[in-house]
Amino acid sequence: MATGSLEEIAEVYGPEATNREAKGEPPTTRGRGPEAIYATALWLRQAYSDPRWEVHDAVQEGDLVVLHATMSGRQTGPFIAYADDASVEMVFPPRGGRAFAVTQTHWFRMKDGKIDEHWANRDDLGLGQQLGWTPPSPIYLARMLTARRRARRRATA
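All residue numbers refer to position in the chain's written sequence, counted from 1. In keeping with the predicted nature of the model, local features appear solely for residues at pLDDT of at least 70, side-chain atom pairs appear and are counted solely at 80 or more, and the whole-chain, interface and lining totals rest on all residues. For the side-chain quantities, the full set of heavy atoms in the structure was used; hydrogens and water were omitted.

Strands here mean DSSP runs of E at least two residues long; helices mean DSSP runs of H or I at least four residues long; both are numbered from the N terminus. When you go through the protein residue by residue, the secondary structure sums to 4 helices and 7 strands. Between the two quantities, the radius of gyration covers C-alpha atoms and the globule rule is 2.2 Å times the number of residues to the power 0.38. For 157 residues, the compact-globule estimate of 2.2 N^0.38 gives 15 Å, and the protein sits close to it at 16 Å. Exposure classes here rest on a 1.4 Å probe applied to the protein chains alone. A residue is buried below 20% of its type maximum, exposed above 50%, and partly exposed in between. Expressed as a percentage of its 157 residues, the buried residues of the protein come to 39%. Two residues qualify as a contact provided that any one of their heavy atoms is within 4.5 Å of a heavy atom in the partner residue. Long-range contacts, defined as pairs at least 24 residues apart, comprise 59% of the intrachain contacts of the protein with a sequence gap of at least 6.

Dropping the structure here:
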């Protein structure tokens, strides 16, 4: 996710792989297969520089694999959240390249030796606090609204 190409992601994710977390992501991530997973990687890389996942624990039972990890990086681009209808819902502009580190648990269902399904539990509140998204100052709220307006214009252009 941090640096892999489409070809590298296709080595790990199956042809019908699905990401249950894609509902808040761009439309290109909402399909199936490596292309949709790669679109998620590009979406994350747009917002975060140097994203890393440090795996602390890995557990497997049957076709289920669970990773407990810490994601870290710096926010250097806008983080864009999408609504159920795939429209731009909210935009969190960067605040000076702030660094973050948050715990996450990623769940994978395997099929034929590749990931077929993914879902996660993330500390989004901790992320927002570290990046200065919450609680938002009045100035930051104005920046968010301006960034959302720009992103919506780009999405419809």
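For patches, a residue must show more than 30% relative accessible area and have no salt bridge; joins then use 9 Å for like charges and 5 Å for nonpolar side chains, namely Val, Leu, Ile, Met, Phe, Trp and Tyr. Note on areas: these come from Shrake-Rupley sampling with a 1.4 Å probe, and a residue is covered only by the protein chains present in the view. Basic side-chain nitrogens of Lys or Arg form a salt bridge, by our definition, when they fall within 4 Å of a carboxyl oxygen of Asp or Glu. Counted charges follow a simple rule, with Lys and Arg positive, Asp and Glu negative, and His plus the chain ends left uncounted. By convention, charge coordinates are those of NZ in Lys, CZ in Arg, CG in Asp, or CD in Glu. Together, Arg149, Arg150, Arg153 and Arg154 give the surface a local cluster of positive charge. Position of Arg153 among the secondary structure elements: in helix H4 (residues 138–156).

Another aspect to go through is unusual backbone geometry. The residue after Thr134, namely Pro135, is reached through a cis peptide bond having omega -5 degrees. Within the secondary structure layout, Pro135 lies in the loop between helix H3 (124–130) and H4. Phi is positive for Asp50, which is not a glycine, with a value near 55 degrees. Mapped onto the secondary structure, Asp50 falls in strand S2 (residues 48–61). With relative accessibility at 48%, the residue Asp50 sits in the partly exposed group. Notably, Asp112 is not glycine yet its phi reads approximately 55 degrees, a positive angle. Among the secondary structure elements, Asp112 is positioned in the loop between strand S6 (99–111) and strand S7 (114–122). Take Asp112: its relative accessible area is 75%, and that puts it in the exposed class.

What follows is about the sheet that holds S7. At least two bridges found by DSSP between two strands are what make those strands a pair. Strands sit in the order S1-S7-S6-S3-S2 across an open sheet of 5 strands; the sheet is mixed. Unpaired on one side and paired on the other, strand S1 (13–19) and S2 mark the two borders of the sheet. On average, each strand axis in the sheet is inclined to that of its neighbour by 25 degrees, with strand direction left out of account. Both strand S3 (residues 64–75) and S6 contribute to a ladder of 11 bridges, which runs antiparallel. In the sheet register, Leu64 faces S6, and the bridge partner there is Arg109. Each axis is a line fitted through C-alpha atoms, taken for helices only over the stretch in contact, and angles between the N-to-C directions span 0 to 180 degrees.

Moving on, we come to the side chain of Glu21. One can find Glu21 in the loop between S1 and helix H2 (34–47). Under the relative-accessibility criterion, Glu21 is labelled buried at 18%. A polar contact of 2.9 Å, which involves the side chain of Glu21, links it to the backbone nitrogen of Ala120. Each polar contact in these results corresponds to two N or O atoms within 3.5 Å; when the atoms are within protein, one needs to be able to donate a hydrogen and the other to accept it, and residues that are neighboring in sequence are counted only if both atoms are side-chain atoms.

A few words now on the packing of aromatic side chains. Any two rings among Phe, Tyr and Trp, with Trp reduced to its six-membered ring, count as a pair given centres within 6.5 Å; such a pair is stacked if its planes are under 30 degrees apart, edge-to-face if over 60, and tilted if neither. For the structure on display, the rule yields 6 aromatic pairs. A centroid spacing of 5.0 Å and a plane angle of 50 degrees characterise the contact between Trp43 and Phe79, whose relative ring orientation is tilted. Separated by 36 residues along the polypeptide, Trp43 in helix H2 and Phe79 in strand S4 (residues 79–82) bring together distant segments of the chain. Of the residues examined, Trp43 reaches a relative accessible area of 9% and is grouped as buried. Here Tyr48 and Phe79 contribute two aromatic rings whose centre-to-centre distance is 5.8 Å and whose plane-to-plane angle is 25 degrees, an arrangement assigned as stacked. Highlighted residues: Tyr48 in strand S2 and Phe79 in strand S4, separated in sequence by 31 residues. Residue Tyr48 is classed as buried on the basis of its relative accessible area of 3%. A relative accessible area of 13% places Phe79 in the buried class. We note Arg20 situated over the ring of Trp119; from NZ or CZ to the ring centre the distance is 3.9 Å. Only lysine NZ and arginine CZ atoms are considered, and such an atom sits over a ring when it is within 6 Å of the ring centre and within 35 degrees of the ring normal. Geometry around Tyr140 places Arg95 over its ring, the cationic atom sitting 5.0 Å from the centre.

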